[in-house]
Structure formats: C-alpha cells, structure tokens
Amino acid sequence: MGGDSTAEEGHSLRGPIDRAALLAIREVFNADESLATAELDDYLDPKVLEVTYDDGLCRAETARIDVQWTTQNDYKFHYTDSCGVNLRWGKHPHNNDYVNVHGLEHHHPPPDASVDPSEVEDSCITQSPEKLVTRAVLKLWRVAYHAESLSPLNAGSNPP
C-alpha cells in the first residue's frame, strides 16, 4: 500500500527524524485508537511510524497511516487503504506554489493525495505539539469513519 511520493512533490521534511516524537505519537495511537497498532519501522533508528488499522474508511477493509516527524517539527501523516485511497496532512516547506496554502500546514486531499497546486489546501490542523497533532488526526479519522465519508477529513476546527 502507498508509497513515498516526496520526490514527486518537490518538497521535503527538514531535519532528521525525531525518535522521541515518534515514540510519543505511538503512545497516543496505541492508547486512543482501538482499531490501530502503531510500530516503528526500526526501534533504534526509525524513519517512520507505521500505524496499521484493522478497518479503513468507507469500504476499505484495512488501512495504514505512515507518520514522519522531524527535529524541526515538520511532519507527514500519510493515510492509505485497501481501496487505493490516499491522503496526507503535512507541515513542512513546499516548493510548489500551492495557491490555497497560506503557511506550512497543508492537506493533500483524497482520493489520491493530490499534489496539483490547485488541489492542495490549508490543513485544518494548525497545532504544533506532536501529541495534539496526533489527536487531531485521530479525531478527523474517527469522524470520517463514522460518517462513512471522506469529506470530514480536513473539516475540523482548531484543534479538531
């Protein structure tokens, strides 16, 4: 499922991966989301936190959120599922001139986590601490899950 499209996007996260932040994010997922299991890809030198879901949004039977968080507090939460739906919440500089993005926080909408400059939009998540961002992602995911719709995924208020 999914893949890293960083090269395609023309932007990237600043700084090395923050292991302590990924451990804190893992704790939030494992404590607050009964459908998910969160594990580091490598415990000592992680590149990504892999969150595996036993169910997905809408008709998806399984899903995954890959999380990257850096020492510069840049992040990506990339959702992908068994129906081929992709979306991403991120905070990092971007080279593309996203006409609807006013800061570093942005959302690549489903179904394909579009990188089209006219489709990427401001993220409804504007908090910075990793635990608050994670709880916001969880809340947005849960609202969409119960609504059986992708539309609530970037429709929260701050914090969602």
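To be clear, the structure that these remarks concern was listed above.
(A) Expanded view of the packing of aromatic side chains. Counted by the stated rule, this structure contains four aromatic pairs. Centroid distance tyrosine 75 to phenylalanine 77: 5.7 Å. Interplanar angle 80 degrees. Geometry classified as edge-to-face. For tyrosine 75, a relative accessible area of 0% corresponds to the buried category. An aromatic cluster is defined as three or more aromatic residues linked by ring pairs; in this entry it consists of Tyr53, Trp141 and Tyr145. Between arginine 19 and the ring centre of tyrosine 43, over which it is positioned, the NZ or CZ distance is 4.5 Å.

(B) Broad picture of the nonpolar core. Within the largest apolar cluster, 36 residues are counted, with the highest numbers of intra-cluster contacts made by Phe29, Tyr53, Ile65 and Phe77. The leading source of residues in this core is helix α3 (residues 130-147), at eight residues.

(C) Structural view of the environment of aspartate 41. Relative to the helices and strands, aspartate 41 resides in the loop between β1 (36-40) and β2 (49-53). Relative accessible area serves as the criterion here: at 36%, aspartate 41 is assigned to the partly exposed category. A C-alpha to C-alpha distance of 9.9 Å links aspartate 41 and aspartate 66, two positions 25 residues apart in sequence.

(D) Here's a closer look at the packing of helix α2 (residues 19-32) against α3. As a packed pair, α2 and α3 sit with axes 9 Å apart at the nearest point and diverge in direction by 35 degrees. The handedness of the crossing between α2 and α3 is right-handed. Residues Ala21, Ala24, Ile25, Glu27, Val28, Phe29 and Asp32 of α2 form the contact with α3, whose participating residues are Glu130, Lys131, Thr134, Arg135 and Leu138. A per-class count over the contact of α2 with α3 returns six nonpolar, one polar and five charged.

(E) Focus on the sheet that holds β2. Spatially, seven strands are ordered β1-β2-β3-β4-β5-β6-β7 in an open sheet, and the strand pairing comes out antiparallel. Two strands bound the open sheet, and with one partner strand each, they are β1 and β7 (121-122). Judged from the five bridges that link them, β2 and strand β3 (residues 63-69) form a sheet pairing that is antiparallel. When the bridges of β3 are listed, leucine 49 appears paired with valine 67.

About the cut-offs
- Residues numbered from 1 in each chain as written.
- Predicted model: local features only at pLDDT ≥ 70, side-chain atom pairs only at ≥ 80, totals over all residues.
- Heavy atoms only, no water.
- Phe/Tyr/Trp six-rings, centres within 6.5 Å; stacked < 30°, edge-to-face > 60°.
- Buried < 20%, exposed > 50% of the residue type's maximum accessible area, 1.4 Å probe, protein only.
- Lys NZ or Arg CZ within 6 Å of the ring centre and 35° of its normal.
- Core = buried A, V, L, I, M, F, W, Y, C linked by side-chain atoms within 4.5 Å.
- Helix = DSSP H or I, 4+ residues; strand = E, 2+ residues; numbered from the N terminus.
- Axes fitted to C-alpha atoms, helices over the stretch in contact; angles between N-to-C directions.
- Left-handed = near helix turned anticlockwise from the far one by under 90°.
- Contact = heavy atoms within 4.5 Å.
- Nonpolar A, V, L, I, M, F, W, Y, C, P; charged D, E, K, R; others polar.
- Pairing = 2+ DSSP bridges.

Functional significance is not addressed by these values, which are geometric in nature.
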